[in-house]
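# Structural overview
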Amino acid sequence: MSASRPIYETPEDLKNERDIADHVSHVWKISLVKMHLKHYIDFMAFRDGKAVAVVEARRRFNLANKYPTFFISLAKWNKGIEYFKTNNLEFCLVICWDDGMQYYKYKDGDDFEIEMGGSQPWNKSWRGDAQDYEPVIHIPMGRFVRI
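Computed from a predicted model, the values in this text were never measured in an experiment.

Cut-offs and rules
- Residues numbered from 1 in each chain as written.
- Predicted model: local features only at pLDDT ≥ 70, side-chain atom pairs only at ≥ 80, totals over all residues.
- Heavy atoms only, no water.
- Helix = DSSP H or I, 4+ residues; strand = E, 2+ residues; numbered from the N terminus.
- Buried < 20%, exposed > 50% of the residue type's maximum accessible area, 1.4 Å probe, protein only.
- Areas by Shrake-Rupley, 256 points an atom, 1.4 Å probe, with all protein chains shown as cover.
- Pairing = 2+ DSSP bridges.
- Axes fitted to C-alpha atoms, helices over the stretch in contact; angles between N-to-C directions.
- Contact = heavy atoms within 4.5 Å.
- Expected span 1.5 Å × (residues − 1).
- Salt bridge = Lys/Arg side-chain N within 4 Å of Asp/Glu carboxyl O.

## Notes on the overall build of the protein chain
Broken down by element type, the protein chain carries two helices and nine strands. The secondary structure elements of the protein chain, listed N-terminal to C-terminal, are α-β-β-β-β-α-β-β-β-β-β. Sorting the 147 residues of the protein chain into buried and exposed places 39% on the buried side. A total accessible area of about 9100 Å² is found for the protein chain, and carbon and sulfur atoms account for 54% of it.

Put into structure tokens, the structure is as follows:
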């Protein structure tokens, strides 16, 4: 039996997610409900009581143009696509940068490079968790739209 992994989501992360959700809810005229960790994606979006999307929210403390891509774990990516294909729900990533908020909306057939990414001993972000180094999808920043 394997030991459970630590959860890296902090109260500050949850507050940042909620701030993003509140802004997006207002702009897009939807309500965002926080989902349990077992669902992999942060929020399910509802309009007039009907589920319309799943939304992954992130806060990054740098400018949007600092890196050429934004990466997300392959597991989250695959789960978002599953909601899109199985449940006919939009799959969106919403990122709040120091210079504004942007979103990416999955389109059927979007195909991005899979690489390894995350925390490793050679990164300053190393957390001592070998499982934190995982397959990730790199989405070009040009695919994001300003909110």
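Structure shown, so let's carry the discussion forward.
## As for the sheet that holds strand E7 (residues 114-118)
Reading across the sheet, the three strands line up as E4-E8-E7 and stay open at both edges, with antiparallel pairing between neighbours. Sheet topology places strand E4 (69-73) and E7 at the edges, where each strand pairs with a single neighbour. For this sheet, the mean angle separating the axes of adjacent strands, direction not counted, is 50°. Contacts from helix H2 (residues 74-87) reach E4, E7 and strand E8 (133-140), with the element oriented near 85° to E4.

## Some points on H2
Given a rise of 1.5 Å per residue, 14 residues ought to cover 20 Å, and the 19 Å separating the end C-alpha atoms of H2 matches this to within 8%. Residues Leu 74, Lys 76, Trp 77, Lys 79, Gly 80, Ile 81, Tyr 83 and Phe 84 constitute the buried set of H2. In the segment just after H2, Asn 88 is the residue with positive phi, at about 60°.

## Examining helix H1 (residues 11-28)
Here H1 is 18 residues long and its end C-alpha atoms lie 25 Å apart, about the 26 Å a rise of 1.5 Å per residue gives. Asn 16, Glu 17, Ile 20, Ala 21, Val 24 and Ser 25 are the residues of H1 that are buried. On the buried face of H1, the contacting elements are strand E1 (31-34), strand E2 (43-47), strand E3 (50-59), strand E5 (90-97) and strand E6 (100-105). One or two residues past the end of H1 sits Lys 29, with phi positive at roughly 55°.

## Brief notes about the sheet that holds E1
A sheet is described by the order of its strands in space; here six strands give the open sequence E1-E2-E3-E5-E6-E9, paired in mixed fashion. The open sheet has two free edges, formed respectively by E1 and strand E9 (145-146), since each of these has just one partner strand. Where E5 and E6 come together, six bridges link them in antiparallel fashion. The residue bridging Ile 95 from the neighbouring strand is Gln 102, located in E6. Against the sheet, H1 contacts E1, E2, E3, E5 and E6, and its axis sits at roughly 155° relative to E1. In this fold H2 packs onto E2, E3, E5 and E6, with an angle of close to 135° to the strand it touches most, E5.

## Observations regarding the pattern of salt bridges
By the definition in use, this model includes 10 salt bridges. One salt bridge connects Lys 76 with Glu 56, and the closest N-O pair in it is separated by 3.2 Å. Highlighted residues: Lys 76 in helix H2 and Glu 56 in strand E3, separated in sequence by 20 residues. By the burial criterion, Lys 76 is buried, and Glu 56 matches it. Connected through shared salt-bridge partners, Glu 17, Lys 34 and Asp 42 make up one network.

## Quick look at the environment of Phe 46
Along the polypeptide, Phe 46 turns up in strand E2. You can call Phe 46 partly exposed: its relative accessible area is 24%. For the pair Phe 46 and Ser 25, spaced 21 residues apart in sequence, the C-alpha separation works out to 9.3 Å.

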